[in-house]
Amino acid sequence: ILNVEQSPQSLHVQEGDSTNFTCSFPSSNFYALHWYRWETAKSPEALFVMTLNGDEKKKGRISATLNTKEGYSYLYIKGSQPEDSATYLCAPYNTGNQFYFGTGTSLTVIP
Amino acid sequence: DTGVSQDPRHKITKRGQNVTFRCDPISEHNRLYWYRQTLGQGPEFLTYFQNEAQLEKSRLLSDRFSAERPKGSFSTLEIQRTEQGDSAMYLCASRQTGVGSPLHFGNGTRLTVT
């Protein structure tokens, strides 16, 4: 079992604020790092799959960076909107072929 | 691509009863995963299949849990002699082989054991 930590556990921000969260994971046997967004009453949806150290991915106002040597990834949301309210999950993918998820960061954007 | 479907969406059962859930993955996906999620936690890995072979099973899983994927298509997850602690959301996901291939999740089955 991989020890995957996400912080903060929950976050409340005002509409228009920018925010970021952290995912920490063991750096050994690393293949990829996945980010998912899980909105209430929906199924988790993939945001990014990152594989290379120094990788940066962007989708609209959301971006992510990856540091495989020290075992962390940051997710950034610029100008948060109410529709960004969700739980954001990260899961490293290693040689074991499983995905072990962190506890997630619950984001609430207040209009 | 019709997505991953799970059945039923909700299941209420009495303690001690057996329950079975079904997952239909995306047809071209050869890998299928089961997860359990409880309040305040991320999805907890239960087991995964590559085609019909069950390649990994979580050590956290008791002998009351069993999963199958006959013919490498749909999968079932059975819980025998349910306990109140089994109440959770059970998620199924599938993906293609490949490091860059993400998980595609179903909507889950919400189990309540009374």
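Residues numbered from 1 in each chain as written. Chains lettered and ligands numbered in written order. Predicted model: local features only at pLDDT ≥ 70, side-chain atom pairs only at ≥ 80, totals over all residues. Heavy atoms only, no water.

Let's talk about the packing of aromatic side chains
One pass over the full model with this rule turns up 18 aromatic pairs over all chains. With centroids separated by 6.0 Å and ring planes inclined at 70°, the aromatic side chains of Y35 of chain B and F45 of chain B adopt a geometry described as edge-to-face. With Y35 of chain B in strand β4 (residues 31-37) and F45 of chain B in strand β5 (residues 44-50), this pair connects stretches of sequence that are ten residues apart. For the pair Y35 of chain B and F45 of chain B, a shared accessibility class is recorded, and that class is buried. Through successive ring pairs, a cluster of aromatic residues spans Y31, Y36, Y93, F99, Y100 and F101 of chain A together with Y33, Y35, F45, Y48 and F105 of chain B. One cation-aromatic arrangement involves R22 of chain B over F74 of chain B; the distance from NZ or CZ to the ring centre is 3.9 Å. It is R95 of chain B that lies over the ring of Y93 of chain A; its NZ or CZ is 4.7 Å from the centre. (Phe/Tyr/Trp six-rings, centres within 6.5 Å; stacked < 30°, edge-to-face > 60°. Helix = DSSP H or I, 4+ residues; strand = E, 2+ residues; numbered from the N terminus. Buried < 20%, exposed > 50% of the residue type's maximum accessible area, 1.4 Å probe, protein only. Lys NZ or Arg CZ within 6 Å of the ring centre and 35° of its normal.)

Topic: the sheet that holds strand β3 (residues 19-24) of chain B
Residue and element names in this part refer to chain B. Read across the open sheet, the four strands follow the order β1-β3-β8-β7; overall the sheet is antiparallel. Either end of the sheet is taken by a strand with one partner, and the two such strands are β1 (5-7) and β7 (65-68). Neighbour-to-neighbour, the strand axes of this sheet turn through a mean angle of 15°, independent of strand direction. Of the strand pairs in this sheet, β1 and β3 are connected by three bridges, and their pairing is antiparallel. Bridging from a neighbouring strand, S5 pairs with D24 of β3. (Pairing = 2+ DSSP bridges. Axes fitted to C-alpha atoms, helices over the stretch in contact; angles between N-to-C directions.)

Re the nonpolar core
The biggest cluster of nonpolar side chains holds 42 residues, and the ones touching the most others in it are W35, L75, Y88 and F101 of chain A together with Y35 and L103 of chain B. Among the nonpolar cores identified, the runner-up in size contains 19 residues, and I26, W34, L61 and L111 of chain B belong to it. (Core = buried A, V, L, I, M, F, W, Y, C linked by side-chain atoms within 4.5 Å.)

Observations regarding the sheet that holds strand β5 (residues 45-50) of chain A
Residue and element names in this part refer to chain A. Strands sit in the order β2-β10-β9-β4-β5 across an open sheet of five strands; the sheet is mixed. Of all strands in the sheet, those bounded by a partner on one side alone are β2 (10-14) and β5. The sheet shows a mean angle of 20° between the axes of neighbouring strands, taken without regard to direction. Both β2 and strand β10 (residues 105-110) contribute to a ladder of five bridges, which runs parallel. Counted as the bridge partner of H12 is T108 from β10.

Section: the pattern of salt bridges
Here the idea is simple: oppositely charged side chains can pair when their charged atoms come close. Residues and elements named next belong to chain B. Applying the stated criterion across every chain, the model contains seven salt bridges over all chains. Put simply, D24 and R22 hold a salt bridge, and the shortest N to O gap is 2.7 Å. Relative accessible area serves as the criterion here: at 33%, R22 is assigned to the partly exposed category. Ionic contacts of the salt-bridge type, sharing partners, join the residues R64, E83 and D86 into one network. (Salt bridge = Lys/Arg side-chain N within 4 Å of Asp/Glu carboxyl O.)

Observations concerning the state of the cysteines
Such a bond, covalent and formed between the sulfur atoms of two cysteines, is termed a disulfide. Residue and element names in this part refer to chain B. Within the structure shown, the criterion is met by two disulfides over all chains. Shown here is the disulfide that connects C23 with C92, its sulfur atoms set 1.9 Å apart. Between C23 and C92, the S-S torsion sits near -65°, and that sign places the bridge as left-handed. You can see C23 sitting in strand β3 and its partner C92 sitting in strand β9 (residues 88-95), a full 69 residues away along the chain. Comparing C23 with C92, the two get one shared label, buried. (Disulfide = S-S within 2.5 Å.)

Quick look at the interface of chain B and chain A
Note on interface size: it is often stated as the accessible area lost on association of the parts. The interface is formed by 23 residues belonging to chain B together with 23 residues belonging to chain A. With both chains or domains summed, chain B and chain A bury close to 1800 Å², and 62% of this area falls on carbon and sulfur atoms. Counting every contact that joins chain B to chain A gives zero salt bridges. Between the two partners, chain B and chain A, sit five residue pairs in polar contact (both at pLDDT 80 or more). Among the elements of the structure, β4, β5 and β9 of chain B are those that each provide at least two residues to the side of chain B that touches chain A. Counting residues per element, the side of chain B that touches chain A draws most heavily on β4 of chain B, at four residues. Tallied by class, the residues present in the side of chain B that touches chain A amount to eleven nonpolar, eight polar and four charged. (Contact = heavy atoms within 4.5 Å. Buried area = accessible area lost by both parts, 1.4 Å probe. Polar contact = N/O pair within 3.5 Å; in protein donor to acceptor, adjacent residues only side chain to side chain. Nonpolar A, V, L, I, M, F, W, Y, C, P; charged D, E, K, R; others polar.)

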